Amino acid sequence: MILNTQNLVRGGTAITLLALALAPAAAQTTATLVGHIRDPHEAAIAGASVLVTQSASGFARHLQADAAGRFTLVNLPLDTYLVAIEAPGFEPVAREVPLRSNVPVTEMFDLRIASQLTVVTVVAGEGASRVDSRSTGTRTTMDQAVIEGRPLPIGSSRGIEAVLASFPGFAPNANGAIHPRGAHNQMTYVVDGLAISDQLTGAFANALDLGVVQNVELMTGNIPAEFGSKVSGVAIVNTRSGIGSARRLAGEGSLGLSGHRSRQVSASGGGQHGDVGYFGFANAFTSSRFLDAVSLDNLHNDGRAMRLFGRIDWHPRAADLLRLNAMGGRSRFELANLRSQEARGQDQRQRLGDVSVWGGHLRTLGSAATVESTAAFRQTTSVLRPSAGDAPVTAWQDRSLRTLTLTSRLTVARGRHTARAGLDLQATPIREAFTLGLTDATFNDPAAPDFNPSLLPHDLTRGGTPFTFRDARTGTQVSAFVHDELRWRRLTVTGGLRVDAYRLIVHETAWQPRVGVAWSVIDGQTVVRASYNRLLQTPPNENLLLSSSEAAARLAPPVVREALGGTYVPMRAERQHAVEVGWQQALPGAMRLDVSAYAKRARDQQDNNNFFDTGIIFPVTLRAIRARGVDVRLSLPERHGVSGAVSLSHARAVSSPPFTGGLFLGQDAVDLLSTGDFVIDHDQALGVQADLRYTSPRGGWVAASVRHDSGLVANPSDPAEVAADPDFADLLPYVDLAGTPARVRPRSIVDLGAGYERPRSARVRWGVRAQVSNLFDRVALYNFQSVFVGTRVVQPRTFGLRATLRW
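Every chain begins its residue count from 1, and numbering advances along the sequence as written. The predicted nature of this model means local features are confined to residues of pLDDT at least 70 and side-chain atom pairs, given and counted, to a pLDDT of 80 or more, with totals for whole chains, interfaces and linings taken over all residues. Each side-chain value is worked out from all heavy atoms of the structure, with water and hydrogens disregarded.

Draft legend 1. Structural detail: the overall build of the protein chain. Looking only at helices and strands, the protein chain features 9 helices and 41 strands. Both definitions apply: the radius of gyration is a C-alpha atom measure, and the globule rule equals 2.2 Å times residues to the power 0.38. Computed over C-alpha atoms, the radius of gyration of the protein chain comes to 27 Å, within 12% of the 28 Å expected from 2.2 N^0.38 for 807 residues, which places it in the range of a compact globule. In terms of principal-axis extent, the alpha carbons of the protein chain reach across some 95 × 55 × 45 Å. Split into buried and exposed, the 807 residues of the protein chain put 58% on the buried side. Every residue pair with non-hydrogen atoms within 4.5 Å of one another is taken to be in contact. Restricting the contact set of the protein chain to residue pairs at least 6 apart, pairs at least 24 apart contribute 68%. Under the DSSP-based scheme used, a helix requires at least four consecutive residues in state H or I and a strand at least two consecutive residues in state E, with every element numbered from the N terminus. Remark: exposure states derive from per-residue accessible area (1.4 Å probe, protein chains only) relative to the maximum for the residue type, with buried under 20%, exposed over 50%, and partly exposed in between.

Written out as structure tokens, the structure is:
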């Protein structure tokens, strides 16, 4: 049912706030490990040293057992860990412990008396080196220490997407946008249980800051039935917590400076008092190259942003965990100009805002089950302000999107089975207001062969009036799922079923089976896997009302309306079939090789078009898409201070017209999307990401990152016309317009970082890092005159410096 009243929007907000009061914390996507350390007489060993590691992700935690020989670790990503125990006078013990659900796991560690006094050193990164024999799909994890060790730009509007772009299966695009496995940007971010399917890139929304991330797990193959809506990739982000810190207050502050007048300041702090843990973070950033530029000149591109985050965990009883999260941010920035727009005095500006509050309750039922409840409220806003010098189109926008969610989960771990079932209720009140008018008499000249008569009423240079659109609706989605993991000897089988009932512009109901199998051919050394998923991917909510309206359809050229039978066709949800096969192999030196191949077929493909290089996106649907590819990742856990990873990706994506939705005003775009199958701009023959880091025992470190992209698909523009256009002529050497299809030319970008961290033994520690992005100052393009994302230039060589103080 579709509702269209402001009273319902206000009422929905009240309902969610009430739910937050009744269920104050978040759905859990992490595990809890409780350990008891005993001597041969089953007496507790107090003060034993505990080291928990996961070499593939770089996870490492040091702690000590309490007076009762007990230790507890919470907020652990689901994985298999190596737990190493040492105590004076006892032989050390090391054991792998699988943590596959949020049901707390209790392990007993019995130490034997040492036959002679020895000193044993367990090195983080040398544990849990076996392949993941239980995963039936592609998943990659990365811990906070590895994230902080990468040479990421200092002072940037990019956030978590800068890390995801280094994983296999992703082709990076402008402003932090990423294409997961041949899709546009159909990602879901699960932040402490809050599922966010907004496009978290600097141009369209405020990104999640890396300063709050404890660890991140990325799933791109065999997505569990728990996840829906946008599932070409699912990133599970666990944030930093004060639980387990053993201090009432610890914190850090940092100041960063880099080229393009970029300045960044951040502060965080947290701790634990009794059964309550707390953490807070704040960040502010300003730059004269806020987004990727549309020309080599970087014109009119100033911006600033700020973000806040807070988290509280409370254990009132051993069987209960409550959590409350809140985060929000704002950004204000200029929209980058072409040279002709700068000469006319174009001064378009955009403002983005978001706020999220979510919470829930986790109750442990006995030793084998948990039940969760979650409530969440999220709001995003976007405002575009026009100027007197706008060309070739002037536009104004004011939109908001609210997401209200209630979920429940039951998890049971018994014997060989780990089962999970859940129910999700979601409402999405949407409000959109938009106007546009043509301001350049040559843009839609009636004498030109590509003249579109549908735009003539809104040509301000010929006496027209602005096109105006206003609408507000509330969509709903009800989802339910069941999922089970069965383990038998060396075989793991997962099976799940999800059903979504989606109601907004259209009504869609879809049953989605998802199955996978993994077989450990050689225990701990070789694993093969295969999976099949059926997926329903809902349209992006940003500007969905306008894109899928009859008013927007009337702006399309007559040829488009004729292709659709002369009738209005609303945008539908994408229905996709996906298969994957994969292989994991343990290699000498604790290295691991992961190879996967996938194929997808979908109808009603979801995509976006960017409105004249602005931050405004309009959803669009194409009749079908076929995608296939191969992903490879070689991981090198830390050994003797050296760690790294190499990822390779190949993606092929072919789309089929006709299209519906969007707001394509140029005839070139309409021709491309209406004349037969075409290779879409998600397609890239080869992407390579290589990262290497060395850390000295004395605190110094150096890291290098190399990114190679063979080139995304560009618009098939006429080289002669480009050469004659002063806005784009100097970009012609960096795009191959003679290719089939046209592509931006290959690029290889090297980033380098180095620094020093005072040893952790010091109570007050400080660190400093220097960074150079695009070390060899390569001139390159992300894309060129693309009908989906426009033109964007890779950032030139940029130096940065950051100082950090921790206490």
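Back to the text.
Draft legend 2. Representation of the confidence of the model for the protein chain in the model. Per-residue pLDDT for the protein chain has a mean of 87; in total, 90% of the residues score no lower than 70. The predictor rates its confidence in each residue with pLDDT, a number between 0 and 100. For residues 1–28, every residue scores under 50 in pLDDT, and the model assigns this stretch 69 contacts once sequence neighbours within four places are set aside. In this model residues 116–129 is a low-confidence stretch, pLDDT under 50, and it forms 29 contacts with partners more than four residues away in sequence or in other chains.

Draft legend 3. Geometry of the sheet that holds strand S7 (residues 105–110). With mixed pairing, the 3 strands of this open sheet are ordered in space as S4-S1-S7. The open sheet has two edge strands, strand S4 (70–77) and S7, and neither has a second partner. On average, each strand axis in the sheet is tilted by 20 degrees relative to the strand beside it, whichever way the strands run. Note: two strands are recorded as paired if DSSP finds a minimum of 2 bridges between them. In this sheet, S7 lies alongside strand S1 (residues 30–38) in parallel orientation, the contact comprising 6 bridges. Bridging across to S7, Gly35 finds its partner in Glu107. Axis geometry follows a simple rule: fit a line to the C-alpha atoms, using only the stretch in contact for helices, then measure angles between N-to-C directions, giving values from 0 to 180 degrees.

Draft legend 4. Local environment of the environment of Gly767. If you trace the backbone, Gly767 turns up in strand S38 (residues 765–773). Judged by relative accessible area, which is 4%, Gly767 ranks as buried. In this structure, the C-alpha to C-alpha distance between Gly767 and Glu542, residues 225 residues apart in sequence, is 41 Å. Residue contacts for Gly767: discarding those within four places in its chain leaves Tyr756, Glu757, Arg802, Ala803 and Thr804.

Draft legend 5. Structural detail: a nonpolar patch on the surface. Put simply, a patch holds well-exposed residues, over 30% relative accessible area, that have no salt bridge, with like charges counted together within 9 Å and Val, Leu, Ile, Met, Phe, Trp or Tyr side chains within 5 Å. Residue exposure ignores everything except the shown protein chains as possible cover, and the areas themselves are Shrake-Rupley values with a 1.4 Å probe. Should a side-chain nitrogen of Lys or Arg be within 4 Å of a carboxyl oxygen of Asp or Glu, the pair is scored as a salt bridge. Together, Leu249, Val764, Trp766, Val768, Leu801, Leu805 and Trp807 line one region of the surface with nonpolar side chains, adding up to about 640 Å² of accessible area. For the nonpolar patch, the secondary structure elements donating two or more residues are S38 and strand S41 (798–806). Here Leu249 is to be found in the loop between strand S14 (233–239) and strand S15 (250–258). Using a relative accessible area of 53% as the deciding quantity, one classes Leu249 as exposed.

Draft legend 6. Here's a closer look at the packing of aromatic side chains. Think of it this way: a Phe, Tyr or Trp ring, Trp meaning its six-membered ring, pairs with another when their centres are within 6.5 Å, and the plane angle makes it stacked under 30 degrees, edge-to-face over 60, tilted otherwise. Counted under the stated rule, the structure contains 8 aromatic pairs. Between Phe71 and Phe109, the ring centres sit 6.0 Å apart and the planes meet at 35 degrees, which makes this aromatic pair tilted. With a gap of 38 residues between them, Phe71 in strand S4 and Phe109 in strand S7 connect regions that are remote in the sequence. Of the two residues examined, Phe71 and Phe109, each falls in the buried class. Ring centres 5.3 Å apart and planes at 50 degrees place the aromatic pair Tyr756 and Trp766 in the tilted group. Highlighted residues: Tyr756 in strand S37 (residues 747–757) and Trp766 in strand S38, separated in sequence by 10 residues. An aromatic cluster of at least three residues, connected via ring pairs, comprises Phe285, Phe290 and Phe333.

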